[in-house]
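The lines below spell out each chain.
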Amino acid sequence: MGIHQILKKRFSPNHFLNKPIDQNHLDIIFEAGRWSPSCFNEQPWRFLYAHQHQTEIFNNIVSCLAEKNQEWAKYAPLLMISIAKKNFSYNNKPNKWARYDTGQSVAHMTIHAMEFNIYTHQMGGFSSEKVIEIFNISEHYEPVSVIAMGYLDDNLYEKELSLKERSRKDKEEIFMNGIFNIND
Ligand SMILES: Cc1cc2nc3c(=O)[nH]c(=O)nc-3n(C[C@H](O)[C@H](O)[C@H](O)COP(=O)(O)O)c2cc1C
């Protein structure tokens, strides 16, 4: 028994098929993000996205990325900025879990997208200040990540994957049954 096929296949590619994301697929991916759990059911996540053919907005998102990310992400069919609402709506107190929940919503979308052979590549390498300025984001919200999305050519799967060095920590380093015995 291994992990689910969808989880096994997923990785963060740097090349996508030159094909716009199907609106039906996108709607379902968004629906997956919408149904993610969140603290107090606040649903603090917001997403600002543009297809590549929406040239001006798309290029504005690209311009917020770190140079290294721009090099490949400018060819992605869709770019999306995840944004977290900082305070709870019900009491206006800081929501310590806003970024956590926003990431979880992205994870839901990332995994569901695999069903359509749509791969995502998340990025922390971007200028939050630039996003705030260009897109006029209010002080109540903070940009969290940028996500590139696109289809992967089945024929390119192995090639693209081979360009990546993918590794993970050992299970023993992460999961501890009852005793927290790591002090690094
Ligand atoms: C929050 C976050 C920020 C990341 N930032 C970047 C980035 O700026 N540039 C990049 O090329 N990859 C970025 N990545 C991708 C990771 O490097 C990648 O997920 C990790 O190496 C594991 O590889 P995998 O997704 O192929 O399994 C980011 C991933 C996450 C979740």
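In the block above lies the structure referred to throughout.
Structure report, in brief. All residue numbers here refer to positions counted from 1 along the written sequence of the relevant chain. A pLDDT threshold of at least 70 governs which residues receive local features in this predicted model, and a stricter bar of 80 or more applies before side-chain atom pairs are shown or counted, although totals over entire chains, interfaces and linings include all residues. With hydrogens and water set aside, each side-chain value is computed from the structure's full complement of heavy atoms.

## Let's talk about the overall build of the protein chain
Heads up, the condition is: Every helix listed is a DSSP run of H or I at least four residues long, and every strand listed is a run of E at least two residues long, numbered separately from the N terminus. Our radius of gyration looks at C-alpha atoms and nothing else; its globule reference is 2.2 Å times the residue count to the power 0.38. The classification of residues rests on relative accessible area computed with a 1.4 Å probe and restricted to protein chains. Under 20% of the type maximum is buried, over 50% is exposed, and intermediate values are partly exposed. We call two residues in contact whenever any of their non-hydrogen atoms come within 4.5 Å of each other. Note on areas: Shrake-Rupley, 1.4 Å probe, and residue coverage restricted to the protein chains presented here. Charged residues are defined narrowly, with Lys and Arg counted positive, Asp and Glu counted negative, and His plus the chain ends left uncounted. In plain terms, the charge of a residue is placed at NZ if it is Lys, CZ if Arg, CG if Asp and CD if Glu.
In terms of helices and strands, the protein chain carries eight helices and four strands. Ordered by position from the N terminus, the helices and strands of the protein chain form the series α-α-β-α-α-β-α-β-α-β-α-α. Against the compact-globule benchmark of 16 Å for 184 residues, the protein chain has a radius of gyration of 18 Å, which places it among compact chains. Once the C-alpha set of the protein chain is aligned to its principal axes, its extents read approximately 50 × 45 × 35 Å. Here the protein chain holds 184 residues, and the buried ones make up 38% of them. In the protein chain, once contacts between residues fewer than 6 apart in sequence are set aside, the share between residues at least 24 apart is 79%. Surface exposure of the protein chain reaches about 11700 Å², of which carbon and sulfur atoms provide 51%. Measuring between centres, the 20 positive side-chain charges of the protein chain sit 2 Å from its 22 negative side-chain charges.

## Comments concerning the sheet that holds strand β3 (residues 118-123)
For the record, the criterion: Strand pairing is defined by DSSP finding a minimum of two bridges between the two strands. In this analysis an axis means a line fitted to C-alpha atoms, helices contributing only their contacting stretch, and an angle means the value between N-to-C directions, from 0 to 180 degrees.
If you trace the four strands from one edge of the open sheet to the other, you get β1-β2-β4-β3, paired in antiparallel fashion. Each end of this open sheet is capped by a strand with a single partner; those strands are β1 (45-51) and β3. For this sheet, the mean inter-axis angle between neighbouring strands, taken without regard to orientation, is 25 degrees. Relative to strand β4 (residues 141-151), strand β2 (residues 78-85) runs antiparallel, the two sharing eight bridges. Residue pairing in the sheet places Ser 82 in a bridge with Ser 145 of β4. Helix-sheet contacts for helix α2 (residues 23-34) involve β1, β2, β3 and β4, and the interaxial angle to β1 is about 165 degrees.

## A look at unusual backbone geometry
One non-glycine residue with positive phi stands out, namely Asn 117, at about 65 degrees. With respect to the secondary-structure elements, Asn 117 resides in the loop between α5 (98-113) and β3. By relative accessible area, which is 18% here, Asn 117 ends up buried. Phi angles above zero are rare outside glycine, and Asn 136 is one such case at about 55 degrees. Positionally, Asn 136 belongs in the loop between α6 (128-134) and β4. Judged by its relative accessible area of 68%, Asn 136 is exposed.

## Points about the site of the ligand
Applicable threshold: Whether a residue is near a molecule or strand depends on its heavy atoms: if one lies within 4 Å, it is near. Polar contact criterion, stated in full: a pair of N or O atoms within 3.5 Å, where within protein one must be able to donate a hydrogen and the other to accept it, and residues adjacent in sequence count only if both atoms are side-chain atoms.
By nearness alone, every residue bordering the ligand is listed as Arg 10, Phe 11, Ser 12, Asn 69, Trp 72, His 121, Gln 122, Met 123, Gly 124, Gly 125, Arg 166 and Arg 168. Between the ligand and Arg 10 there is a distance of 2.8 Å, counted from an oxygen atom to a side-chain nitrogen or oxygen. Gln 122 is positioned such that a nitrogen or oxygen atom in its backbone is 2.9 Å from a nitrogen atom of the ligand. When the ligand is considered free in solution it has 620 Å² of accessible area, and contact with the protein chains removes 56% of it. Secondary structure elements with two or more residues in the shell around the ligand: α4 (67-73) and β3.

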